[in-house]
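Observations on the three-dimensional arrangement
Here are the chains, one letter per residue:
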Amino acid sequence: MNRESKNMWNDEPFERLITAYLSGNATAEERLELEKRVNESRERRRRYLEFVNLWQITHPAFDPEGIDLAGAGQRIMKKISNPPPLRRLWRWWQRIAAIALIPLLLLFACLIAVGDRTDIYRETEYRELQSSCGTLSQIDLPDGSKVWLNGGSKLKYPLKFRPTERRVFLEGEGYFEVRSDRGNPFVVHTALMTLTATGTSFNIEAFAADSLTAVTMAGGVVDVAFGNAAPVTLNGGDRLVYNSRTSKGTLAKTEPYRWYAWKDGQMIFRNDPLQYVFKRLEHTFNVEIVVRDRELAGEPYRASFEDESLNEILRLLEMSAPIRFVRLRRTRTADNRYEKQRIEVYRRTSAKRN
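Residues numbered from 1 in each chain as written. Predicted model: local features only at pLDDT ≥ 70, side-chain atom pairs only at ≥ 80, totals over all residues. Heavy atoms only, no water.

1. Observations regarding the overall build of the protein chain
Counting its secondary structure elements, the protein chain contains 10 helices and 18 strands. Here the protein chain holds 354 residues, and 39% of them are scored as buried. Long-range pairs, those at least 24 residues apart, make up 49% of the contacts in the protein chain between residues at least 6 apart in sequence. Counting every atom, the protein chain has about 21,100 Å² of accessible surface; 51% of that belongs to carbon and sulfur. (Helix = DSSP H or I, 4+ residues; strand = E, 2+ residues; numbered from the N terminus. Buried < 20%, exposed > 50% of the residue type's maximum accessible area, 1.4 Å probe, protein only. Contact = heavy atoms within 4.5 Å. Areas by Shrake-Rupley, 256 points an atom, 1.4 Å probe, with all protein chains shown as cover.)

2. Focus: the packing of aromatic side chains
Summed over the entire model, instances satisfying the criterion amount to 12 aromatic pairs. On the numbers, 5.7 Å between centres and 50 degrees between planes, the contact of tryptophan 148 with tyrosine 175 is tilted. Of the two residues, tryptophan 148 sits in strand β3 (residues 146-149) while tyrosine 175 sits in strand β5 (residues 166-177), which places them 27 residues apart along the sequence. For tryptophan 148, a relative accessible area of 13% gives the class buried. On the accessibility criterion, tyrosine 175 (4% relative accessible area) is buried. Considering the side-chain rings of phenylalanine 161 and phenylalanine 186, the 6.4 Å spacing of their centres and the 70 degrees angle between planes classify their relative orientation as edge-to-face. Highlighted residues: phenylalanine 161 in the loop between β4 (153-158) and β5 and phenylalanine 186 in strand β6 (residues 186-189), separated in sequence by 25 residues. (Phe/Tyr/Trp six-rings, centres within 6.5 Å; stacked < 30°, edge-to-face > 60°.)

3. Regarding the sheet that holds strand β18 (residues 341-347)
Paired through backbone hydrogen bonds, the strands of a sheet run either parallel or antiparallel to each other. As summarised here, the arrangement of the three strands in space is β15-β18-β17, forming an open sheet in which the pairing is mixed. Of all the strands in the sheet, the pair left with one neighbour each is β15 (287-291) and β17 (323-327). Averaged over neighbouring strand pairs, the angle between their axes works out to 25 degrees when direction is ignored. By the bridge criterion, five bridges tie β15 to β18 in an arrangement that is parallel. Each residue of the ladder has a partner; that of glutamate 288, found in β18, is arginine 342. Its contacts with the sheet put helix α8 (residues 274-285) on β15, β17 and β18, and the angle it makes with β15 is roughly 165 degrees. Strands in contact with helix α10 (residues 310-320) are β15, β17 and β18; relative to β17, the strand with the most contacts, it is inclined by about 145 degrees. (Pairing = 2+ DSSP bridges. Axes fitted to C-alpha atoms, helices over the stretch in contact; angles between N-to-C directions.)

4. Here's the deal with unusual backbone geometry
Positive phi is not limited to glycine here, since threonine 164 has a value of about 75 degrees. Positionally, threonine 164 belongs in the loop between β4 and β5. Given the relative accessible area of 15%, threonine 164 is considered buried. In the Ramachandran plot, asparagine 286 falls in the positive-phi region, its phi being about 55 degrees despite a non-glycine side chain. Here asparagine 286 shows up in the loop between α8 and β15.

5. Considering the pairing of strand β13 (residues 248-253)
Regular strands have side chains that alternate between both faces of the sheet. Counting buried positions along β13 gives zero out of six residues, so the element sits mostly on the surface. What sits between strand β12 (residues 238-243) and β13 in their antiparallel hairpin is a turn of four residues, with serine 247 showing a positive phi close to 60 degrees.

6. Things to note about the packing of α8 against α10
Packing of α8 against α10 leaves a shortest axis separation of 12 Å and a crossing angle of 170 degrees. For the element pair α8 / α10, the angle class is roughly antiparallel. Between α8 and α10 lies a crossing whose hand is left-handed. Of α10, the residues touching α8 (which contributes Val277, Phe278, Leu281 and Phe285) are Leu310, Ile313, Leu314 and Leu317. Per-class residue counts for the contact of α8 with α10 are eight nonpolar, no polar and no charged. (Parallel < 35°, antiparallel > 145°, perpendicular 65-115°, else oblique. Left-handed = near helix turned anticlockwise from the far one by under 90°. Nonpolar A, V, L, I, M, F, W, Y, C, P; charged D, E, K, R; others polar.)

7. Thoughts on the confidence of the model for the protein chain
Predicted confidence across the protein chain gives a mean pLDDT of 80, with 75% of residues reaching 70 or more. A low-confidence stretch, residues 61-67 (pLDDT under 50), is modelled with four contacts involving residues beyond four sequence positions or located in other chains. Within the model, the stretch residues 112-121 combines pLDDT values under 50 with 22 contacts to residues more than four positions away or in other chains. (pLDDT = per-residue confidence, 0-100.)

8. Here we look at the nonpolar core
Core analysis: the biggest nonpolar cluster contains 28 residues, and Leu155, Phe176, Leu195, Phe202 and Ile204 have the highest contact counts within it. Filtering out sequence-adjacent residues up to four positions away, isoleucine 204 remains in contact with Leu170, Gly172, Glu173, Gly174, Phe176, Val188, Thr190, Met193, Leu195, Ala214 and Val215. Of all hydrophobic cores here, the second largest spans 25 residues; its members include Met267, Val277, Leu281 and Ala321. (Core = buried A, V, L, I, M, F, W, Y, C linked by side-chain atoms within 4.5 Å.)

9. A look at the pattern of salt bridges
Overall, the coordinates contain 17 salt bridges when judged by the stated rule. A salt bridge links arginine 280 to glutamate 173; the shortest N-O distance between them is 2.6 Å. You can see arginine 280 sitting in helix α8 and its partner glutamate 173 sitting in strand β5, a full 107 residues away along the chain. Residue glutamate 288 pairs with arginine 342 through a salt bridge whose shortest N-O separation is 3.0 Å. With glutamate 288 in strand β15 and arginine 342 in strand β18, this pair connects stretches of sequence that are 54 residues apart. When its relative accessible area of 34% is taken as the criterion, glutamate 288 is described as partly exposed. You can call arginine 342 partly exposed: its relative accessible area is 26%. Linked through salt bridges whose partners overlap, the residues forming this network are Glu288, Arg292, Arg342 and Glu344. (Salt bridge = Lys/Arg side-chain N within 4 Å of Asp/Glu carboxyl O.)

Below is the structure:
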């Protein structure tokens, strides 16, 4: 047995939390703490399941001691010594067998019910909504909070929030307006990050294909944690960007609206690298843009677009930056679909700036 396993078996606070929950005496804080500990490691979860099995056996729905097996046996022996008809004797033996099997059946049912569950309280019914590329979606959550999904994004949320928590899962980009409820924290999970809020508004960028995950605060306060790192508190106007390649984050003050203006059909760039501009266009219009000049990708760009088409934006970019675009022919896949439109970007050395 390794050191972690030994510590698990001697973890009295952990066992007290389990006992309080199973006996129905756990507070809301204790339930949250129990769920956190159970999900910390596979060894701790195994210990929890073993404890539940033992509890179910030692606290059955009926009292096994109330079954008088000895008395029943004496009555059977008395019947045998004074033989009854064969059919009557057979019925008595069936009763004894049924009484003996009840504890075993109860144990078997407990193992099936508990052993495979991923939710230590109850199964939760979730809904998953995906916003197609080039479109925006607005979602009203069960608690009254609102979420705007950018193109190519997904949100998974329960049809009904549990007591003491409001938990959702995001892939892509979403703007959240969270209804204030300090007793029931609102938690957003992405592939790399966990954000906890009570009542505030913020924007999250967490596309699976991007190495950068960002949180921009429109107002209020949230706690953000990446992996097992300690959470960082963000306030209104803060922008936190985490790079999964370097495992480093940067925190700075910003003009918040320009990072979530997309929900109002706008794209606002304020001296942002052209590479970021192209990434925004990719997510919004479901295209692939490849920059063939590394230095060009880092050049700053300043502009605002509102409800323009992709062709209009590319034309304006060519007018205001030393670049030219080459559209490649779209190819058809084996299942008779077309691949994404691929656009290559080159430096235009003789460009005239307007």
